[in-house]
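Below, each chain spelled out in residue letters.
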Amino acid sequence: MDIRPAQEIWTAALGELQIGVSKPNYRTWLEKTIGLSYQDNEFIVGVPNPFIAEYLDKNQRSLIEKTLIGLTQRDINVIFQVDGRYQNSGSSYGDQGEIPIALAQSPNFNSRYTFASFVVGSCSSLAHAAALEVARNPGGSHNPLFIYGGVGLGKTHLLQAIGHVALVNHIQVLYVSAEQFTNEFINAIQEKKTREFRHKYRSVDMLLIDDVHFIAGKGQTEESFFHTFDELYNTNRQIVITSDFPPKTLPFIQDRLRSRFEWGLVTGVQPPDLETRLAILQAKAKDKGVNVTLDVLELIAQRAQRNVRELEGYLNRVIAFATLVRTAITPKLAAQALEDIASKKAKSPSITPSLIIETVARSFQLSPLYLKSRRRDRETALARQVAMYLTKQETNCSLAQIGIELGNRDHSTVIHACKKIESHIDSSPELKRKILDIQQRIYSELNTGNY
Ligand code: ADP
Ligand code: MG
């Protein structure tokens, strides 16, 4: 029997998968998964719900198996299993699929995201200093603090670091993702509990809102957030907001929300330079208790340039590779471990908007041209919205690009379409099935190389 540290392997696999699939795709389907067990060539991946299990099973199985086989050099059968732990732990499954541990004070914080573990480089020094100031002096001059920047650059880390300090100082703090805020808001309306909702958000001393771009364009949620904001702000309570984009470019319906975000301090985080990447890698390796020499770290830092998450993924990959083949971590081994990624990045066929448009059109029995046309009958409009939603999910195209692909439409139309489909997926099993089916077709086209 062969029992290996499933979570360790899975962490490395996730690092790699993150590079192989689109960002939204990774976030939706893979981010919250965990490695449950690995025995007798059977690898069990824990997932939060049956929908994700089914999606992964149908669409990503071969990619995932290939990745695991690449890492372990063994034949592997992967099984996706809904894991009970998700129910108890809410959304606290952290990055890299780590298993949540009972955190001292707040189940919402990742214990690793503290100021102590944040490596300050020139690319993030301003944001770091502002976060520290807010933590020490909440409700002061930096209210609200708005931190923006690309994915994996430490925004959530800084936000939660503030939260940790607040907890220590007995400040009543609430951390939520904008997505969670939206869901709670919708539930509150449905269950007629808007009073409780309001109370929850307006009674805290500090509100930390992660990924606020998520609510941009969602009219009622924006409105509700606007009132929450004002109430807190007017009573000097601290608000900290993160977003993938600066306030200026967020497609808010409420312009007054945007201007409020600019009242305090708006600061960005940039991708780390080589020096900072190296410092981060050193800290991460130390944290893991693994001795990795400087030349190896340099090699990793050279190759992972985009963000810290990628950096961690590469380091994990190298460590896992060395563990699995049971050799020391040399530059040669590291290069070997990463070479695989580089070639996969270059070779892997990717999903294009036209593949999606054609597949959607076929599924709706419409001409792809209809989707790009001005036709507005219900069926065509729905098909077009599904195509927009899937293009956002499965590719890295910007909203503007998606709009152009689907008949030169505005990016706000794309946002609207995505929101609509997202909410319909939850309420209509029929649509959910149809979309899963289309996704499956897209992936099989891709895998058979017809495209
Ligand atoms: P974002 O929210 O911007 O997408 P995260 O805060 O989730 O990014 O960061 C991604 C990962 O990189 C996390 O594991 C985080 O701890 C780590 N990280 C990012 N920036 C730094 C940094 N400057 N020092 C140490 N770790 C960092
Ligand atoms: Mg984040």
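Please read all numbers here as calculations on a predicted model, not as lab measurements.

A word on the packing of helix 7 (residues 178-190) against helix 9 (residues 219-234)
For any two helices packed against each other, the geometry is given by the interaxial angle and the distance between the axes. The geometry of helix 7 relative to helix 9 is characterised by a closest axis approach of 10 Å and an angle of 100° between their N-to-C directions. Regarding the angle of helix 7 to helix 9, the classification is roughly perpendicular. The residues of helix 9 that touch helix 7, namely those facing Phe181, Thr182, Phe185 and Ile189, are Gln220, Thr221, Ser224, Phe225 and Thr228. Along the lines of polarity and charge, the residues of the contact of helix 7 with helix 9 split into 4 nonpolar, 5 polar and no charged.

Focus on the pairing of strand 7 (residues 238-243)
Where burial is concerned, most of strand 7 is hidden: 6 out of the 6 residues are buried. The pairing of strand 4 (residues 145-149) with strand 7 spans 4 bridges and is parallel. Bridge pairing in strand 7 links Ile147 to Thr242. One ladder, built from 4 bridges, connects strand 6 (residues 206-210) with strand 7; its direction is parallel. The partner of Met206 across the bridge, within strand 7, is Gln238.

Here's the deal with the nonpolar core
Ranked by size, the top nonpolar core spans 57 residues in total, and within it Trp10, Phe43 and Val360 carry the most contacts. Counting only domains with at least three residues in this core, you end up with domain 1 (1-89) and domain 4 (353-448). Discounting residues that sit within four places of it in the chain, Val360 has contacts with Leu371, Ala383, Val386, Ala387, Leu390 and Ile438.

Quick word on the sheet that holds strand 5 (residues 173-177)
Whenever strands of a sheet pair, they do so through backbone hydrogen bonds, lying parallel or antiparallel. With parallel pairing, 5 strands are arranged side by side in an open sheet as 5-6-7-4-8. Two strands close off the open sheet at either side, each with one partner strand: strand 5 and strand 8 (265-269). Neighbour to neighbour, the strand axes of the sheet diverge by 15° on average, direction disregarded. Lying over the sheet, helix 6 (residues 155-168) contacts strand 4, strand 5, strand 6, strand 7 and strand 8, oriented at roughly 160° with respect to strand 6. With respect to the sheet, helix 7 is in contact with strand 5 and strand 6, its orientation differing from that of strand 5 by roughly 90°.

Side note on the confidence of the model for the protein
Put simply, the protein has an average pLDDT of 87, and 91% of its residues get 70 or more. Confidence over residues 89-107 falls short of pLDDT 50; this stretch has 42 contacts with residues more than four positions distant or in other chains.

Regarding the pattern of salt bridges
Per the counting criterion, the structure on display carries 20 salt bridges. For Asp437, the salt bridge is made with Arg441, and the minimal N-O distance between the two is 3.3 Å. Here the residue Asp437 and the residue Arg441 both occupy positions in helix 20 (residues 429-448), the gap between them amounting to 4 residues, near one helical turn. Bridged by salt links that share partners, the residues Arg27, Lys155 and Asp244 form one connected network.

What to know about the site of ligand 1
In the vicinity of ligand 1 lie 18 residues, with Val119, Gly152, Lys155, Thr156 and His157 positioned nearest. Between ligand 1 and Lys155 there is a distance of 2.7 Å, counted from an oxygen atom to a side-chain nitrogen or oxygen. Separating an oxygen atom of ligand 1 from a side-chain N or O atom of Thr156 is a distance of 2.8 Å. Taking 560 Å² as the accessible area of ligand 1 by itself, protein coverage stands at 97%. Taken together, the elements giving at least two residues each to the shell around ligand 1 come down to helix 6, helix 11 (274-288) and helix 13 (308-325). Looking at the shell around ligand 1, its residues break down into 7 nonpolar, 6 polar and 5 charged.

Some words on the side chain of Gln60
Tracing the sequence through the fold places Gln60 in helix 3 (residues 50-72). For Gln60, a relative accessible area of 1% puts it in the buried group. Among residues more than four places away in sequence, those in contact with Gln60 are Val21, Asn25, Tyr55 and Tyr443.

Considering the domain arrangement of the protein
When the parts of a complex come together, some accessible area is lost, and that lost area is often taken as the interface size. The domains assigned to the protein are domain 1 (1-89), domain 2 (96-268), domain 3 (272-347) and domain 4 (353-448). Domain 1 and domain 2 are separated by 30 Å when their C-alpha centres are compared.

Section: the packing of helix 8 (residues 194-202) against helix 9
Across the interface, helix 8 lies against helix 9 with an axial gap of 10 Å and an inter-helix angle of 45°. Looking at the two axes, helix 8 sits oblique to helix 9. Helix 9 is crossed by helix 8, and the crossing has right-handed handedness. Between helix 8 and helix 9, the contacting residues are Phe197, Tyr201 and Arg202 on the first element and Ser224, His227, Thr228, Glu231 and Leu232 on the second. Within the contact of helix 8 with helix 9, the residues separate by chemical class into 3 nonpolar, 3 polar and 2 charged.

Description of the sheet that holds strand 2 (residues 42-47)
In spatial order, the strands read 1-2-3; together these 3 strands make up an open sheet with mixed pairing. Strand pairing shows two members of the sheet lacking a second neighbour, strand 1 (34-39) and strand 3 (77-82), which therefore form its edges. Within this sheet the neighbouring strands show an average axis-to-axis angle of 25°, counted without direction. Across 5 bridges, strand 1 lies against strand 2 in antiparallel orientation. The residue of strand 2 that forms the bridge with Ile34 is Gly46. In the packing of helix 1 (residues 6-20) onto the sheet, the strands contacted are strand 1 and strand 2, and the crossing angle to strand 1 comes to about 125°.

The rules behind these values
- Residues numbered from 1 in each chain as written.
- Chains lettered and ligands numbered in written order.
- Predicted model: local features only at pLDDT ≥ 70, side-chain atom pairs only at ≥ 80, totals over all residues.
- Heavy atoms only, no water.
- Axes fitted to C-alpha atoms, helices over the stretch in contact; angles between N-to-C directions.
- Helix = DSSP H or I, 4+ residues; strand = E, 2+ residues; numbered from the N terminus.
- Parallel < 35°, antiparallel > 145°, perpendicular 65-115°, else oblique.
- Contact = heavy atoms within 4.5 Å.
- Nonpolar A, V, L, I, M, F, W, Y, C, P; charged D, E, K, R; others polar.
- Buried < 20%, exposed > 50% of the residue type's maximum accessible area, 1.4 Å probe, protein only.
- Pairing = 2+ DSSP bridges.
- Core = buried A, V, L, I, M, F, W, Y, C linked by side-chain atoms within 4.5 Å.
- Domains from an automatic or database assignment.
- pLDDT = per-residue confidence, 0-100.
- Salt bridge = Lys/Arg side-chain N within 4 Å of Asp/Glu carboxyl O.
- Near = heavy atom within 4 Å.
- Polar contact = N/O pair within 3.5 Å; in protein donor to acceptor, adjacent residues only side chain to side chain.
- Areas by Shrake-Rupley, 256 points an atom, 1.4 Å probe, with all protein chains shown as cover.
- Left-handed = near helix turned anticlockwise from the far one by under 90°.

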